[in-house]
Amino acid sequence: MGKIATRYLIPELAGARLTHKLCSHVADAFVSKYGKFAGWAQTLLFIAELPSQKKIIPPEFWATEENQDANTKASTTDAKGSSKAIGP
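Values in this document were obtained by computation on a predicted structure and should not be read as measured data.

Caption draft 1: The arrangement of the packing of aromatic side chains in detail. Evaluation of the coordinates by the stated rule reveals two aromatic pairs. Considering the side-chain rings of F37 and W40, the 6.4 Å spacing of their centres and the 70 degrees angle between planes classify their relative orientation as edge-to-face. A residue is classified by how much of its surface remains accessible, and F37, at 48% relative accessible area, is partly exposed.

Written out as structure tokens, the structure is:
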């Protein structure tokens, strides 16, 4: 749970020991982001990390910094190279 939380929610806690207080902070972060679906989200993020699942999940959905940077760049530039506004 700690690795998943630092990868998706609170990267500043990477490398910290998972204490009772930190577990509470991680749980609060999941609830803050996902609300009543926090447990469901944690389960899906965990399952997505399993090697058997990584084989079937397309690489563009993997949560790596390289993919996030590429997806951000792709979403801000259309096929002709002009910038699009981000947001609603």
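Caption draft 2: How the structure looks around helix α3 (residues 38-49). Taking 1.5 Å per residue, twelve residues should reach 16 Å; α3 reaches 17 Å between its end C-alpha atoms and fits that length. All of the buried residues in α3 are A38, A41 and L45. Down the axis of α3, the buried side of the element spans an arc of 65 degrees, and every buried residue falls inside it.

Caption draft 3: Representation of the nonpolar core. Core analysis: the biggest nonpolar cluster contains eleven residues, these being I4, A5, L9, I10, L13, L22, V26, A29, F30, A38 and L45. Sorting the residues of this core by element identifies α1 (2-8), α2 (20-34) and α3 as the ones contributing at least two each. The element that contributes the greatest number of residues to this core is α2, accounting for four residues. Those residues in contact with F30 that sit more than four places away from it in its chain are I4, A5, L9, G35, A38, A41, Q42 and L45.

Caption draft 4: Structural context of the confidence of the model for the protein chain. Averaged over every residue, the pLDDT of the protein chain is 74; residues scoring 70 or more account for 69%. No element of the protein chain has a lower mean pLDDT than helix α5 (residues 65-76), at 47, and none a higher one than α2, at 90. Within the model, pLDDT remains below 50 along residues 66-80, and this stretch shows twelve contacts once partners closer than five positions in the same chain are excluded. In this model residues 82-88 is a low-confidence stretch, pLDDT under 50, and it forms eight contacts with partners more than four residues away in sequence or in other chains.

Caption draft 5: Spatial organisation of the side chain of T6. Assignment of secondary structure puts T6 in helix α1. Side-chain polar atoms of T6 contact the backbone oxygen of K3, separated by 3.0 Å.

Rules used throughout
Every residue gets a number counted from 1 within its own chain, in the order that chain's sequence is written. Per-residue local features are limited, in this predicted model, to residues with pLDDT of at least 70; the limit for side-chain atom pairs, both in listing and counting, is 80 or more; totals at the level of whole chains, interfaces and linings are taken over all residues. Values reported for side chains reflect all heavy atoms of the structure, with hydrogen atoms and water molecules removed beforehand. Think of it this way: a Phe, Tyr or Trp ring, Trp meaning its six-membered ring, pairs with another when their centres are within 6.5 Å, and the plane angle makes it stacked under 30 degrees, edge-to-face over 60, tilted otherwise. Remark: exposure states derive from per-residue accessible area (1.4 Å probe, protein chains only) relative to the maximum for the residue type, with buried under 20%, exposed over 50%, and partly exposed in between. Helix and strand assignments come from DSSP, with helices taken as H or I runs of at least 4 residues and strands as E runs of at least 2, each series counted from the N terminus. Each helix should span, by expectation, one fewer than its residue count multiplied by 1.5 Å. The reported arc concerns the directions from the helix axis to the C-beta atoms and nothing else. The definition of a nonpolar core used throughout is a set of buried Ala, Val, Leu, Ile, Met, Phe, Trp, Tyr and Cys residues joined through side-chain atoms within 4.5 Å. In this analysis, two residues are considered to be in contact whenever any of their non-hydrogen atoms come within 4.5 Å of each other. pLDDT measures how confident the predictor is about each residue, on a scale from 0 to 100. Polar contact is defined as a pair of N or O atoms within 3.5 Å, subject to the rule that within protein one atom must be able to donate a hydrogen and the other to accept it, and that residues adjacent in sequence are counted only when both atoms are side-chain atoms.

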